[in-house]
Amino acid sequence: KQKRKEKAGKWEVPIPKVKPVADDEMFKVMRTGSKKQKAWKRVVTKCTFVGENFTRKAPKYERFIRPTGLRMKRANVTHPELKTTFQLDIIGVKKNPSSSLYTNLGVVTKGTIIEVNVSDLGLVTTSGKVAWAKYAQITNNPELDGCVNAVLLV
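From a predicted model like this one, the values you see are computed outputs, not experimental measurements. (Residues numbered from 1 in each chain as written. Predicted model: local features only at pLDDT ≥ 70, side-chain atom pairs only at ≥ 80, totals over all residues. Heavy atoms only, no water.)

Our next topic: unusual backbone geometry. Residue Lys-36 is not a glycine yet carries a positive backbone phi of 55°. Relative to the assigned elements, Lys-36 resides in the loop between β1 (27-32) and β2 (38-44). Phi is positive for Lys-83, close to 55°, though the residue is something other than glycine. Tracing the sequence through the fold places Lys-83 in the loop between β4 (74-79) and β5 (84-95). (Helix = DSSP H or I, 4+ residues; strand = E, 2+ residues; numbered from the N terminus.)

Let's shift gears to the side chain of Gln-137. Relative to the assigned elements, Gln-137 resides in strand β7 (residues 133-138). A polar atom in the side chain of Gln-137 sits 3.2 Å from the backbone oxygen of Gly-111. If near-sequence neighbours (up to four positions away) are discounted, Gln-137 is found in contact with Val-13, Pro-14, Ile-15, Gly-111, Thr-112, Ile-113, Asn-149, Ala-150, Val-151 and Leu-153. (Polar contact = N/O pair within 3.5 Å; in protein donor to acceptor, adjacent residues only side chain to side chain. Contact = heavy atoms within 4.5 Å.)

In this section: the environment of Asn-104. Mapped onto the secondary structure, Asn-104 falls in helix α3 (residues 100-105). On the accessibility criterion, Asn-104 (67% relative accessible area) is exposed. (Buried < 20%, exposed > 50% of the residue type's maximum accessible area, 1.4 Å probe, protein only.)

Strand order in this open sheet of three strands is β1-β2-β3, and the pairing throughout is mixed. Strand pairing shows two members of the sheet lacking a second neighbour, β1 and β3 (64-65), which therefore form its edges. For β1 and β2, the ladder comprises five bridges, and the chain directions are antiparallel. Each bridged residue has a counterpart across the sheet, and for Val-29 the counterpart in β2 is Arg-42. (Pairing = 2+ DSSP bridges.)

A separate point is the side chain of Thr-48. Checked against the element boundaries, Thr-48 lands in the loop between β2 and β3. Judged by relative accessible area, Thr-48 falls into the buried class, the value being 1%. Filtering out sequence-adjacent residues up to four positions away, Thr-48 remains in contact with Arg-66, Leu-70, Arg-71, Met-72, Gly-106, Val-107 and Val-108.

Attention now goes to the nonpolar core. One finds Val-77, Ile-114, Val-116, Val-118, Ala-136, Val-148 and Leu-152 to be the most contacted residues of the largest nonpolar core, which totals 19 residues. Mapped onto this core, the elements with two or more residues apiece are β4, β5, β6 (113-117), β7 and β8 (149-152). The element best represented in this core is β5, accounting for three residues. Aside from chain neighbours lying at most four places away, what touches Val-116 is Val-77, Leu-88, Asp-89, Ile-90, Ile-91, Trp-132, Ala-133, Lys-134, Ala-136 and Leu-152. Counting residues in hydrophobic clusters, the runner-up holds seven residues, among them Val-21, Phe-27, Val-44 and Leu-105. (Core = buried A, V, L, I, M, F, W, Y, C linked by side-chain atoms within 4.5 Å.)

Here we have five strands rolled up into a closed barrel, ordered β4-β5-β6-β7-β8, and mixed in their pairing. Pairs of neighbouring strands in the sheet enclose a mean axial angle of 50°, with direction left out of account. The pairing of β7 with β8 spans three bridges and is antiparallel. The residue bridging Ala-136 from the neighbouring strand is Leu-152, located in β8. (Axes fitted to C-alpha atoms, helices over the stretch in contact; angles between N-to-C directions.)

This is the structure we're talking about:
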């Protein structure tokens, strides 16, 4: 239990509490079949992140559809100590506070912890190695703004 508590309080996040997103708001039911009776597919209505070498499943077997227009690749990340903003590539979605399903789908909402590529910033760890990736928390609603703004967790 102690270890679990340590893992939970690992970062001092800029936005501690976030309003959870309901499934009704997140997904739109897509009806399929010749008579449009089958209703097991869902279209994600929020911004998502998919990996670099991602390929969709065949449409027949795809349960969650993530539209290409709502996919994000880069984020405007602000360094809290330097007070400067950099546009960095997103590596992955670490944790979405609304649901673990949203984390697995790569849904990007306000308060989500993402992993960003900081290799070009030249940040160095305490042991002297160059930091390759760091975590950042999203501070805006990407589906409203059309971009991802985040604060680096240091």
